[in-house]
Protein chains: 2
Amino acid sequence: MSHMATTSRQRKRGHDPESVLSIAVGVFNERGYDGTSMEDLARALGVTKSAIYYHVPGKEQLLARALDRALDGLFEVVADPCATTGPAIERLAWVVRQSVRILIDRLPYVTLLLRVRGNSPTEQQALDRRREFDRFIAHLVKEAAADGEIRPDLDPALVTRLLFGTVNSITEWYQPARGSADDLADALLKMTFDGLRV
Amino acid sequence: MSHMATTSRQRKRGHDPESVLSIAVGVFNERGYDGTSMEDLARALGVTKSAIYYHVPGKEQLLARALDRALDGLFEVVADPCATTGPAIERLAWVVRQSVRILIDRLPYVTLLLRVRGNSPTEQQALDRRREFDRFIAHLVKEAAADGEIRPDLDPALVTRLLFGTVNSITEWYQPARGSADDLADALLKMTFDGLRV
């Protein structure tokens, strides 16, 4: 079978860049990025090892694209006018709600992002962007505290870590049957903004 | 060098069962349990591959011991009279506080526990014990809601997941310089029980 014939068959089987990325992220999350070989990816795609290089130059490029998928979503949230205008406490609640939505809409991508430890320039860059996002949140928390809307006795950086710790922990157990992103965000905001205690 | 001489030297270098376990857990957390070989463990302990079998029959036995270290801590918490007598809301707050303490005191063991996915009978057993712990918490939440002390509009199982999602997320960023277990538990309880909003 010629190379052209193979790739044409792959296209028919749906191996556009989007499905390659989606399948690769599934394999990364299952085996760990470091534990995944190009052979593993080829096997998951149902193509030969040489054909995989037609779809993608390498593992690291797929990782970069996958992490951007998660990070771009979060940065769209903080760039939205709802995140930049109005009372800080409302902006914070909106950003938390939208982050839950991104996490659920892009679950495998966010799951992968949360496992990144900085083992390569690609991972380092993703960590830098995560920290930038965290700084945006910490700043919002600080503003809300300065407005007198958030309890002033908690360190904004700590509130950010605890609040997004709660958001991110959803990746550990989320299943569509357990409710919509909006229901989940409602419950999360009730607990963290208004408290469980009556 | 004879086998006896080697093991005697290892003992002098401090390879009692406790330090073997502690070093092994460090390697499991760094490389992943599945990605860790007996050779990796021998290297980390600074012993030959044959000498490692003097210290431990195999990887899975170390995993079982490590997971028990985390789970036994959590089960001591829920067996304490403070967790079983008194108003449910106070018991819940106490269990959350003590769980933060266990998480920080036994950080590498809890970190390992949270990564377990059930890939072996040992992992399956650990997951079963985690679920038993979760059921205890969900029951406490339910009782506190029945007492009218916790908002009744949230599903107890969801509250349990969100609350312990917040607790468990501490493993992602905790450093001793960031405060004591008690300070951290204070902040976490303020956010989740009383809410961030003033």
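Residues numbered from 1 in each chain as written. Chains lettered and ligands numbered in written order. Predicted model: local features only at pLDDT ≥ 70, side-chain atom pairs only at ≥ 80, totals over all residues. Heavy atoms only, no water.

Residues and elements named next belong to chain A. What the domain assignment lists for chain A is domain 1 (3–57) and domain 2 (64–194). A C-alpha centroid distance of 31 Å is found between domain 1 and domain 2. Taken residue by residue, the interface counts nine residues in domain 1 and ten residues in domain 2. Approximately 850 Å² of surface area, both sides summed, lies buried where domain 1 meets domain 2, with 50% of it carried by carbon and sulfur atoms. (Domains from an automatic or database assignment. Contact = heavy atoms within 4.5 Å. Buried area = accessible area lost by both parts, 1.4 Å probe.)

By the secondary structure assignment, Ala185(A) is in helix 11 (residues 181–194). Among residues more than four places away in sequence, those in contact with Ala185(A) are Arg97(A) and Val100(A). (Helix = DSSP H or I, 4+ residues; strand = E, 2+ residues; numbered from the N terminus.)

Next up on the list: the interface of chain B and chain A. Accessible area lost when the parts come together is the quantity often used to give the size of an interface. With 33 residues of chain B in contact, the opposing surface of chain A contributes 33 residues. Roughly 3400 Å² of surface becomes buried between chain B and chain A when both sides are summed, with 61% attributable to carbon and sulfur atoms. Contact with chain A buries surface across chain B, with Leu162(B), Leu196(B) and Arg197(B) losing the most and accounting together for 22% of the total. The closest approach of N and O atoms between Asp153(A) and Lys190(B), which form a salt bridge, is 2.8 Å. Inspection of the chain B/chain A interface yields 18 residue pairs in polar contact (both at pLDDT 80 or more). Looking at the side of chain B that touches chain A, the elements that each hand over two or more residues are helix 7 (88–105), helix 10 (156–169) and helix 11 (181–194) of chain B. A breakdown of the residues in the side of chain B that touches chain A according to their chemical character gives 16 nonpolar, six polar and eleven charged. (Salt bridge = Lys/Arg side-chain N within 4 Å of Asp/Glu carboxyl O. Polar contact = N/O pair within 3.5 Å; in protein donor to acceptor, adjacent residues only side chain to side chain. Nonpolar A, V, L, I, M, F, W, Y, C, P; charged D, E, K, R; others polar.)

The biggest cluster of nonpolar side chains holds 140 residues, and the ones touching the most others in it are Val95(A) and Val95(B). Setting aside anything within four residues of it in sequence, one finds Val95(A) in contact with Val77(A), Val78(A), Ala83(A), Phe133(A), Ile137(A), Leu140(A) and Phe164(A). (Core = buried A, V, L, I, M, F, W, Y, C linked by side-chain atoms within 4.5 Å. Buried < 20%, exposed > 50% of the residue type's maximum accessible area, 1.4 Å probe, protein only.)

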